[in-house]
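# Tertiary structure, described
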Amino acid sequence: MAQMAFAGSEAGSVIARHAMRGPRPADESTAESTSDSPDMNDSQNDGPNAGPNDRGGNPRGLRNRLISVLRMPLTYVMLAAIALRIGFARWIGVWFWGGMHWDDTLLFRYSLGSHFTDPTDEELFKVAGYSWFLAAVRKLHWDYPTCVALLWVAAALVVFALVMAVCRRRWVAFGAFVYVLFYPSAFEADIGTRMYRNSVLIPLYVSVIGLAVLVVWKVAFDRFSVPGLLVLSVVLGVGFSYTYYVKEDGAWLAASLAAAFAVGLGVYAVVGVGRWRSRKRGSVSVRGAGASYTLRRFVAAVLAAVVPFACLAGVTAAYKAVNKKYFGIAQTQTRVSGQLFGFVERVYAIDSPNRSMSVWAPADAIDAAFAASPTLAKETYLHDMVVHSQWIGGDPTNFANGRTMYEAPFPGDMFTWGMHTALLYAGLWHSQQQVDDMFRQVNAELDRAFANGTLKKSMRFQLVPSAGGFTRDEMGQCFVAMLKGYNGVLRLVNYAPGSKAGDYRDMNRLDEYPYVGVQAAQAFNLPYLADYSLREGRFGPANRVVSAVFAVYRVVNALMAVLLAVVLVGGVVRLCRRRRIAAPLTGRMVLFWLTDLALVLLSAVYTYAMSWFDVNVTGMENYNYSWANYYNLGTVSLLVLAFCLALAIAANAWIAHRQAQAHREAQAA
């Protein structure tokens, strides 16, 4: 298999000629053109010599393509699979955790009109992307399980398009489509069926990253119509802008897209300059390789890369403007941004012998920050509320038993929540703006304390300012946690079937809105959210089916992991064994292989970063796979894409090998 990590030169020679010439003439045939499907962008090159049906957006061309799709039996098989997936989601159902006041309940309340008309101190704790989804479901009067299932359908269709772009074999693309459509994370209790933002993140990540890869490929291969590329970029921009605000760590997604677009534009620029030089020398006849034509298309490619970030900038500006109007502060959230969290970051940076992997804000660092700030030094009651916070030790029983932060320090990022609660109990929280102004002054005082040596900065390495610093040994332990995280994702360790009962009472606010589950039942027309006995008879049968799905995917994931390793290692072997590789391998297939490698490397970076965060929850001795799976959603998404791309590359290599073998046999005869 390693010998076939890339297609043979016979199978791809025309691709190189196509990349230098522009649109493919109708009489050329290759290993790819024998496919029964269009190329990555057939009939969409808008070069000067393109025919009337070669321009993107031609009504007759679109109509003919639609008719062709409707005539394919696979279309109806896919529609049947989609209907089955939606029906399966509705049968399994969802559950609402009313007792999770700071998570499930919080984001549900954000989706209600009272979020703006009756604001509280909690309104900017988290980004509201998932709440926008809930609001849309409620206003459209759609079924929540169906809407989540449709997100998985969209992700599966994006993967179908990716696989078709690589191997152009519908049966392979359909296999990848089904693999994503029924991926078991959708049916796991904490990741998939719980009415929380985790349930939408994996399909959103798959869709956004998959669309970004398609845009990069189109640009790098110069196989696009300008209108078609820009439309795809706008669709990507909408999805990316929304996904960015579903969770507070959207920066990793933005950085990934920026790097991908930079690579795509770099490849396009190199190829474009090569075409222009070839035409200038007259050594190669390159259709549509004039300087003005190349420049126009390069500008379009740059716009396609800019549009998603322009969409994000527009959404961010609007989001901040709305929050400024209703809550008095131009922030998207205050959990990991704003002046209060800036104070938390400075506490993380203060040198302390008591800091560890699980304790980011030790008591002595907190005391030092209060002492170094004249503003905080006079707020003795606030300090007392921090010392006796309900968040110490990560367990409310510590507070109930009279323990303090000196006996039970804040674990992980709990100091963020502890400061907010302490300000509220100390009577110092009057508005978002007032708190922001207060801690702007505090942060300026702490910065001066760092500058004059009153406070000493920790020598520990911080992956990001919003996380505690680790020693070199602790960073090594994070690699072990990363490997365990991979194990949990691939083998579905501790996956729990998701057809279950939830609760409907908000234990943190029994006086204000205790029956929040009843509100959710009414808002989404799901009566069983208020009375799970209505579905009790389904739990057993549904969970047995879901457990069977888990068992199947454990085997499938193991096979996919082996296939991915073979493709990646085989590609290296193939490159090393041949000093000179045919042009199609260094162009099209090598870029596919590099994309697969990039997805794997990105998953490693992401999983390591998540391990840095969740190790304070999971611990190292008694590693909690359930918590790790709860956070490693990006890992799932990236590996799903990498597996499907490896499947396409392997299928393409096998088909090309068979065709090359048949070609040699024909020549020998």
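Residues numbered from 1 in each chain as written. Predicted model: local features only at pLDDT ≥ 70, side-chain atom pairs only at ≥ 80, totals over all residues. Heavy atoms only, no water.

### Brief notes about the overall build of the protein
- A tally of helices and strands in the protein yields 26 helices and 0 strands.
- Here the protein holds 669 residues, and 55% of them are scored as buried.
- Counting contacts in the protein only where the partners sit at least 6 residues apart, residues at least 24 apart contribute 75% of the total. (Helix = DSSP H or I, 4+ residues; strand = E, 2+ residues; numbered from the N terminus. Buried < 20%, exposed > 50% of the residue type's maximum accessible area, 1.4 Å probe, protein only. Contact = heavy atoms within 4.5 Å.)

### Points about helix α10 (residues 198–221)
- An ideal rise of 1.5 Å per residue puts 34 Å on 24 residues; α10 measures up with 35 Å between its terminal C-alpha atoms.
- Across the 24 residues that make up α10, a large majority, 24, are buried.
- One or two residues past the end of α10 sits D222, with phi positive at roughly 55 degrees. (Expected span 1.5 Å × (residues − 1).)

### Let's talk about the pattern of salt bridges
- One pass over the structure, following the stated rule, counts 14 salt bridges.
- Close ionic contact of K247 with D249 constitutes a salt bridge, the shortest N to O distance being 3.8 Å. An identical accessibility class is assigned to K247 and D249; each is buried.
- Beyond isolated ion pairs, a larger network of salt bridges with shared partners links R197, E248, R335 and D413. (Salt bridge = Lys/Arg side-chain N within 4 Å of Asp/Glu carboxyl O.)

### A short note on the packing of helix α21 (residues 472–491) against helix α26 (residues 633–668)
- Taken N-terminus to C-terminus, the directions of α21 and α26 make an angle of 65 degrees; their axes are 10 Å apart at the nearest point. α26 is crossed by α21, and the crossing has right-handed handedness. Note on element contacts: α26 touches α21 through T635, V636, L639 and F643, opposite Y486, V489 and L490. (Axes fitted to C-alpha atoms, helices over the stretch in contact; angles between N-to-C directions. Left-handed = near helix turned anticlockwise from the far one by under 90°.)

### Looking at empty space enclosed by the protein
- Applying the stated criterion across every chain, the model contains 9 cavities of 30 Å³ or more.
- Roughly 110 Å³ of volume is contained in the largest cavity.
- If you go around the largest cavity, you meet 14 residues; those closest to its centre are A89, P145, V148, A186 and G192.
- Going through the elements one at a time, α3 (73–92), α7 (144–167) and α9 (189–193) are the ones with two or more residues in the lining of the largest cavity.
- With 5 residues, the single largest contributor to the lining of the largest cavity is α7.
- Of the residues contributing to the lining of the largest cavity, the split by class is 10 nonpolar, 3 polar and 1 charged.
- What lines the second largest cavity is simply F125, T334, R335, L340, F341, V344, T416, W417 and H420.
- Residues of the lining of the second largest cavity, tallied by class, amount to 5 nonpolar, 3 polar and 1 charged. (1 Å grid on protein atoms, 1.4 Å probe; cavity = no way out; pocket = protein on both sides within 12 Å on 5 of 7 lines; lining within 4 Å. Points joined across faces, edges and corners; volume = space filled by probe spheres on them. Nonpolar A, V, L, I, M, F, W, Y, C, P; charged D, E, K, R; others polar.)

### What about the side chain of T404?
- Note that T404 resides in the loop between α18 (396–400) and α19 (414–425).
- Side-chain polar atoms of T404 contact the side chain of E407, separated by 2.6 Å.
- Contacts of T404, omitting those with residues within four sequence positions, involve V387, H388 and I392. (Polar contact = N/O pair within 3.5 Å; in protein donor to acceptor, adjacent residues only side chain to side chain.)

### Quick notes on the packing of aromatic side chains
- With the rule as written, the count across this model stands at 52 aromatic pairs.
- Their ring planes at 55 degrees and their centres at 5.7 Å tell us that W102 and W391 sit as a pair that is tilted. One end of the pair, W102, is in the loop between α3 and α4 (104–110); the other, W391, is in the loop between α17 (380–387) and α18, and 289 residues separate them in sequence.
- Looking at W391, the relative accessible area reads 14%, which means it is buried.
- Both rings, one in Y504 and one in Y515, keep their centres 5.8 Å apart while their planes meet at 25 degrees; by these two values the pair is stacked. Pair noted here: Y504 is in the loop between α21 and α22 (516–523) and Y515 is in the loop between α21 and α22, with a separation of 11 residues, a long-range link.
- Members of the aromatic cluster, connected to one another through ring pairs, are W132, F240, Y242, Y244, Y245, F261, F309 and Y319.
- Above the ring of Y528, the side-chain terminus of R535 is found at 4.4 Å from the ring centroid. (Phe/Tyr/Trp six-rings, centres within 6.5 Å; stacked < 30°, edge-to-face > 60°. Lys NZ or Arg CZ within 6 Å of the ring centre and 35° of its normal.)

### Focus: unusual backbone geometry
- You will see that D222, though not glycine, has its phi angle at about 55 degrees, which is positive.
- In this structure, D222 sits in the loop between α10 and α11 (226–244).

### Side note on the packing of α7 against helix α8 (residues 170–181)
- Running from N to C, α7 and α8 point in directions that differ by 155 degrees, and their axes come no closer than 8 Å. Put simply, α7 runs roughly antiparallel to α8. Crossing geometry of α7 relative to α8 is assigned as right-handed. Across from W152, V153, A155, A156, L157, V159, F160, V163, M164 and C167 in α7, the residues of α8 making contact are R170, V172, A173, F174, A176, F177, V180 and L181. (Parallel < 35°, antiparallel > 145°, perpendicular 65-115°, else oblique.)

### Looking at the environment of K325
- The topology assignment puts K325 in helix α13 (residues 291–327).
- For K325 and F116, which are 209 residues apart along the polypeptide, the C-alpha to C-alpha distance reads 9.5 Å.

### What about the confidence of the model for the protein?
- Confidence along the protein averages 86 in pLDDT terms, with 85% of residues attaining 70 or more.
- Between residues 1–56, whose pLDDT stays under 50, and residues either more than four places distant or in other chains, the model counts 136 contacts. (pLDDT = per-residue confidence, 0-100.)

### A closer look at the nonpolar core
- The biggest cluster of nonpolar side chains holds 195 residues, and the ones touching the most others in it are F133, Y144, W217, F343, F415, F439 and L529.
- Setting aside residues up to four positions removed in sequence, F439 forms contacts with Q339, L340, F343, L376, M419 and L423.
- Counting residues in each nonpolar core, the second largest holds 5 residues, with A481, V493, Y623 and Y625 among its members. (Core = buried A, V, L, I, M, F, W, Y, C linked by side-chain atoms within 4.5 Å.)

### Regarding the environment of A349
- One can find A349 in helix α14 (residues 338–349).
- Accessibility expressed as a relative area gives 13% for A349, which makes it buried.
- C-alpha of A349 to C-alpha of K457: the two residues are 108 residues apart in sequence and 5.6 Å apart in space.
- Apart from the residues within four sequence positions on either side, A349 is in contact with R355, F450, K456, K457, S458 and Q462.

### What to know about a nonpolar patch on the surface
- On the surface, L66, L70, Y76 and L79 cluster together into a nonpolar patch covering about 410 Å² of accessible area.
- Of all elements in the fold, only α2 (59–71) and α3 reach the threshold of two or more residues within the nonpolar patch.
- Take L66: it is sitting in helix α2. (Patch = residues over 30% accessible without salt bridge, like charges linked within 9 Å, V, L, I, M, F, W, Y side chains within 5 Å. Areas by Shrake-Rupley, 256 points an atom, 1.4 Å probe, with all protein chains shown as cover.)

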